[in-house]
Amino acid sequence: MYENKTLAQGRYEIVGALGEGGMAYVFTAYDTRLRVERAIKVLAPRLFGNRKIRERFESEAATMAQLHHKNILTIHDIGNEDQMVYMVMEMLLGGSLMDRIEEHGVLHPQLAITAAIEMAAGLGFAHKNKVIHRDVKPHNVLISRDGIMKVADFGIARIEDGLNSQTRTGA
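Along each chain, the written sequence defines residue order, and numbers are assigned to residues from 1. It should be noted that, the model being predicted, local features are given only for residues of pLDDT at least 70 and side-chain atom pairs only at 80 or more, the latter also being counted only at that level, while totals for whole chains, interfaces and linings use all residues. Values shown for side chains rest on all heavy atoms present in the structure; no hydrogens or waters enter the calculation.

Q: Would you take a moment to explain the sheet that holds strand E5 (residues 75-81) for this structure?
A: Through backbone hydrogen bonds, the strands of a sheet pair up, either in parallel or in antiparallel fashion. Taken in spatial order, the 6 strands line up as E1-E2-E3-E4-E6-E5 in an open sheet, and their pairing is antiparallel. Sheet topology places strand E1 (6-7) and E5 at the edges, where each strand pairs with a single neighbour. Where E1 meets strand E2 (residues 12-20), 2 bridges bridge the pair, whose relative direction is antiparallel. Its bridge partner lying in E2, Thr 6 is registered against Glu 13. Pairing between two strands requires that DSSP report at least two bridges joining them. Strands are runs of DSSP state E lasting at least two residues, helices are runs of H or I lasting at least four, and both sets are numbered from the N terminus onward.

And the structure:
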């Protein structure tokens, strides 16, 4: 669908598909400026015309970009061009925790403990920064090449500001 497409005036070259969810597709890309692989999450074309969904997608990127922690997926950039909204993320090739469970069955107890500790560290950091994830599940925990668990998909995060709170998605 998007293979061989470039974004951001040629900076990002989409190489291939990584996966898809209900609202977006994820692609492998190459950052020609920094010369590194990236993952690019693109809002599904059928949803681009919906302003609220576009705002929700961009809000997720803004929320995640503010959270710098080794157990939270890093967002590097966001863009909106040619009827496409996308976010540029760090590339994690270990799949999701759900992928690991589906491939190997029940997690070994030590891996389950490690996953729980690392997820709690990432979520704890988010909470200290007034962000509540609200959709924690094995699908939203990605694994780096070296086995580090990273919480992803803050699409329905709730932001607490002390006086009142705001759901970043507008929901």
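Past the structure itself, the notes keep going.
Q: Looking at this structure, how should I read the pairing of E5?
A: Along a regular strand, successive side chains alternate from one face of the sheet to the other. Sheet topology note: the E5/strand E6 (residues 84-90) ladder contains 6 bridges and is antiparallel. Bridging from a neighbouring strand, Asp 77 pairs with Val 88 of E6. Between E5 and E6, which pair antiparallel one after the other, the connecting turn spans 2 residues, and Asp 82 there sits at a positive phi close to 50 degrees.

Q: Explain the packing of aromatic side chains to me, please; I cannot follow it from the model alone.
A: For any two aromatic rings, the description comes down to two numbers: the centre-to-centre distance and the angle of the planes. Aromatic rings from Phe, Tyr and Trp, with only the six-membered ring used for Trp, were paired whenever their centres fell within 6.5 Å, and each pair was classed as stacked if the ring planes differed by under 30 degrees, edge-to-face if by over 60, and tilted otherwise. Evaluated as defined, the whole model comprises 1 aromatic pair. With a centroid separation of 6.4 Å and 40 degrees between ring planes, the pair formed by Tyr 25 and Phe 27 is classed as tilted. Residue Tyr 25 shares its accessibility class with Phe 27, and that shared class is buried. Definition used: whenever NZ (Lys) or CZ (Arg) falls within 6 Å of the ring centre and also within 35 degrees of the ring normal, the charge is taken to sit over that ring. Cation over ring: Arg 54 sits above Phe 48, and NZ or CZ is 4.9 Å from the ring centre. Accessibility here uses a 1.4 Å probe with only protein chains present; expressed as a share of the type maximum, an area under 20% marks a residue as buried, one over 50% as exposed, and anything in between as partly exposed.

Q: Any chance you could explain the layout of surface pockets here in plain terms?
A: In this analysis, the protein atoms alone were mapped onto a 1 Å grid. Cavities are point sets where a 1.4 Å probe fits without being able to get out; pockets are open sets with protein on both sides within 12 Å along at least five of seven lines; lining residues have an atom within 4 Å of a point. Grid points are joined across faces, edges and corners, and a volume is the space filled by probe spheres set on the points. Estimates place the volume of the largest pocket at around 910 Å³. All residues other than Ala, Val, Leu, Ile, Met, Phe, Trp, Tyr, Cys, Pro, Asp, Glu, Lys and Arg, Gly among them, are scored as polar; the first ten of these are nonpolar and the last four charged. Tallied by class, residues from the lining of the largest pocket come to 14 nonpolar, 8 polar and 10 charged.

Q: Mind showing me how you'd approach the environment of Arg 38 here?
A: Mapping Arg 38 onto the fold places it in strand E4 (residues 36-43). On the basis of relative accessibility, which here comes to 11%, the residue Arg 38 falls in the buried class. The sequence separation of Arg 38 and Gln 66 amounts to 28 residues, and the corresponding C-alpha distance is 18 Å. In contact with Arg 38, not counting residues within four places along its chain, are Phe 27, Thr 28, Ala 29, Asp 31, His 76, Val 88, Met 89 and Met 91. Polar contacts, as counted here, are pairs of nitrogen or oxygen atoms within 3.5 Å of one another; within protein the pair requires one atom able to donate a hydrogen and one able to accept it, and residues that are adjacent in sequence qualify only if both atoms are side-chain atoms. Only 3.2 Å separates the side chain of Arg 38 from the side chain of His 76, close enough to count as a polar contact. We call two residues in contact when some of their heavy atoms are within 4.5 Å.

Q: How should unusual backbone geometry be read in this particular structure?
A: Glycine aside, negative phi is the norm for most residues, and most peptide bonds take the trans geometry. The backbone phi angle of Arg 35 is positive, close to 60 degrees, even though this residue is not glycine. Within the secondary structure, Arg 35 is located in the loop between strand E3 (24-31) and E4. Residue classification places Arg 35 among the exposed residues on the basis of a relative accessible area of 65%. Residue Gln 83 is not a glycine yet carries a positive backbone phi of 60 degrees.

Q: Would you explain the pattern of salt bridges in this entry?
A: One side chain can pair with another of opposite charge once the charged atoms of both are near each other. Any carboxyl oxygen of Asp or Glu within 4 Å of a side-chain nitrogen of Lys or Arg constitutes a salt bridge here. Taken as a whole and assessed by the stated rule, the structure comprises 8 salt bridges. Put simply, Asp 31 and Arg 38 hold a salt bridge, and the shortest N to O gap is 3.9 Å. Side by side, Asp 31 and Arg 38 carry an identical accessibility label, which is buried. Here Lys 137 and Asp 135 are joined by a salt bridge, their closest N and O atoms 3.8 Å apart. Linked through salt bridges whose partners overlap, the residues forming this network are Arg 11, Asp 31 and Arg 38.

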